Amino acid sequence: MMNRIPFNKPSMVGCEFSFLEEALERGQLSGDGYFTKRCNERIVKLSGSPAALLTHSCTAALEMAGILCDLKPGDEVIMPSFTFVSTANAVVLRGATPVFVDIDQHSLNIDPNQIEAAITPQTRAIFAVHYAGFPAEMDRLNQIAQAHGLMVIEDAAQALGSTYKGRPAGSLGDIAAFSFHETKNIISGEGGAITVNRRDLVERAEIIREKGTNRSRFLRGQVDRYTWVDIGSSFLPGELVAAFLFAQLEQEEVIRQARLALFGRYQNAFADLAQQERVVLPWHSDDVTGNGHMFYLLMRDIDDRDALIGHLREAGIIAPLHYVPLHSAPGGRRFGRAEGDLSVTDNTYSRLIRLPLYLTLGDEIERVIDVTRSWLSANA
Ligand SMILES: *Cc1c(COP(=O)(O)O)cnc(C)c1O
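Residues numbered from 1 in each chain as written. Predicted model: local features only at pLDDT ≥ 70, side-chain atom pairs only at ≥ 80, totals over all residues. Heavy atoms only, no water.

On to the domain arrangement of the protein. Domain boundaries assigned for the protein yield domain 1 (16-250) and domain 2 (252-378). The C-alpha centroid of domain 2 is placed 25 Å from the C-alpha centroid of domain 1. On the side of domain 2, 36 residues touch domain 1, which itself brings 44 residues to the contact. Both sides together, the interface formed by domain 1 and domain 2 hides about 3,500 Å², and carbon and sulfur atoms give 60% of it. Joining domain 1 to domain 2, the criterion identifies 1 salt bridge. Of the charged contacts, one joins R337 and E76 as a salt bridge, the two residues approaching to 3.0 Å between their closest N and O atoms. At the junction of domain 1 with domain 2, the criterion picks out 21 residue pairs in polar contact (both at pLDDT 80 or more). With 5 residues, the single largest contributor to the side of domain 1 that touches domain 2 is strand β3 (residues 97-101). Of the residues that constitute the side of domain 1 that touches domain 2, the class distribution is 23 nonpolar, 15 polar and 6 charged. (Domains from an automatic or database assignment. Contact = heavy atoms within 4.5 Å. Buried area = accessible area lost by both parts, 1.4 Å probe. Salt bridge = Lys/Arg side-chain N within 4 Å of Asp/Glu carboxyl O. Polar contact = N/O pair within 3.5 Å; in protein donor to acceptor, adjacent residues only side chain to side chain. Helix = DSSP H or I, 4+ residues; strand = E, 2+ residues; numbered from the N terminus. Nonpolar A, V, L, I, M, F, W, Y, C, P; charged D, E, K, R; others polar.)

Below, the structure is given as structure tokens:
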């Protein structure tokens, strides 16, 4: 019986246990203690943003972004349909409307050419997603936003350590959201962070994250008691999560290089089949560098996709498809609207397969490659 190869396998990379122990010894288990501060500092360095705050998920960071954009009922936010539900829910929870536009067929990121047509007097923001860890075309998005007075939010859930024109993901818009869910590169089970690039929004971000109180100012000794000053919720993780996360953040470079090496092995292994146009491989412009978050294949059509997924499953290899486009999901129809025909999104969904990629995959990657290649050749 051959080992099953899962799609993802979370792993520890160094000091997780000793930092957990240290957190317990330090005696503070609630949030914003020693390890949270160290994580925030590290994320400031990795993201190039002036301010980073841990959250309990990327979903929470996106919800904070929705509040920081001051979204209200009737407002509209432009985003790709090819994304995770949390991008849209952050808008819907404010009573605002997600407006779904198509992606670029090469980058699979929001297509800047589709945005102008979706802008109305109600448009307040663009939520860009850095799909597979490759940053969206941020200069174009920021130009459009500036011309129309819109906020730009990066859903950088998958993109810690990636760059655009030499600048790191997280520093490319007004606000960014990262994920440390166990399926991402840097993990703490559930976890996330918000980075705030507009200094005028940093204090409000602290307040929203601390139940609408000015507790952060109190902890810095700037006020002598803390009180309710704005809307907010509890968006911060406890210290045990931060301690685990800090061990991972310390190894960000090692993790990224190891994942990029696996990504490169896949890329080389399928290069000839891509040349023959049997499959399409991940593409990115010269403006961006990735972080080895995800490797995918674009198949000929949905039957080709399902047949390969089934074949891999029989060989014990889990290779899932990805996002059901939000504009056609029941929630998307109910809460959002689509602009344009979104044909690239629908087409991409029907053809995309993600291959296993995790830190401890090692030479098992050759089995994924062999099984996939032999099926592709037999089904040329
Ligand atoms: C993973 C992911 C999220 C959600 O992250 P959580 O930390 O699980 O809340 C949001 N958006 C994108 C693009 C993601 O990949």
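Next comes the rest of the write-up.
Bringing empty space enclosed by the protein into the picture now. Counted according to the given criterion, the structure contains 3 cavities of 30 Å³ or more. Every residue lining the largest cavity is counted, 14 residues in all, and those nearest its centre are S11, K184, N185, R259 and L359. Of the residues in the lining of the largest cavity, the class split is 6 nonpolar, 4 polar and 4 charged. When residues of the lining of the largest cavity are assigned to domains, at least three fall in each of domain 1 (16-250) and domain 2 (252-378). Put simply, the second largest cavity is a space of about 40 Å³. Looking at the second largest cavity, the residues that line it are A157, Q158, A159, L160, S179, F180, K184, N185, I186, N291 and H293. (1 Å grid on protein atoms, 1.4 Å probe; cavity = no way out; pocket = protein on both sides within 12 Å on 5 of 7 lines; lining within 4 Å. Points joined across faces, edges and corners; volume = space filled by probe spheres on them.)

To continue, consider the pairing of strand β13 (residues 352-355). Going residue by residue along β13, you find L352 and R354 tucked away on one face and I353 and L355 tucked away on the opposite face as well. Summarising the sheet, strand β11 (residues 295-298) and β13 pair through 4 bridges and their orientation is antiparallel. Within β13, the residue paired with L298 across the bridge is L352. (Buried < 20%, exposed > 50% of the residue type's maximum accessible area, 1.4 Å probe, protein only. Pairing = 2+ DSSP bridges.)

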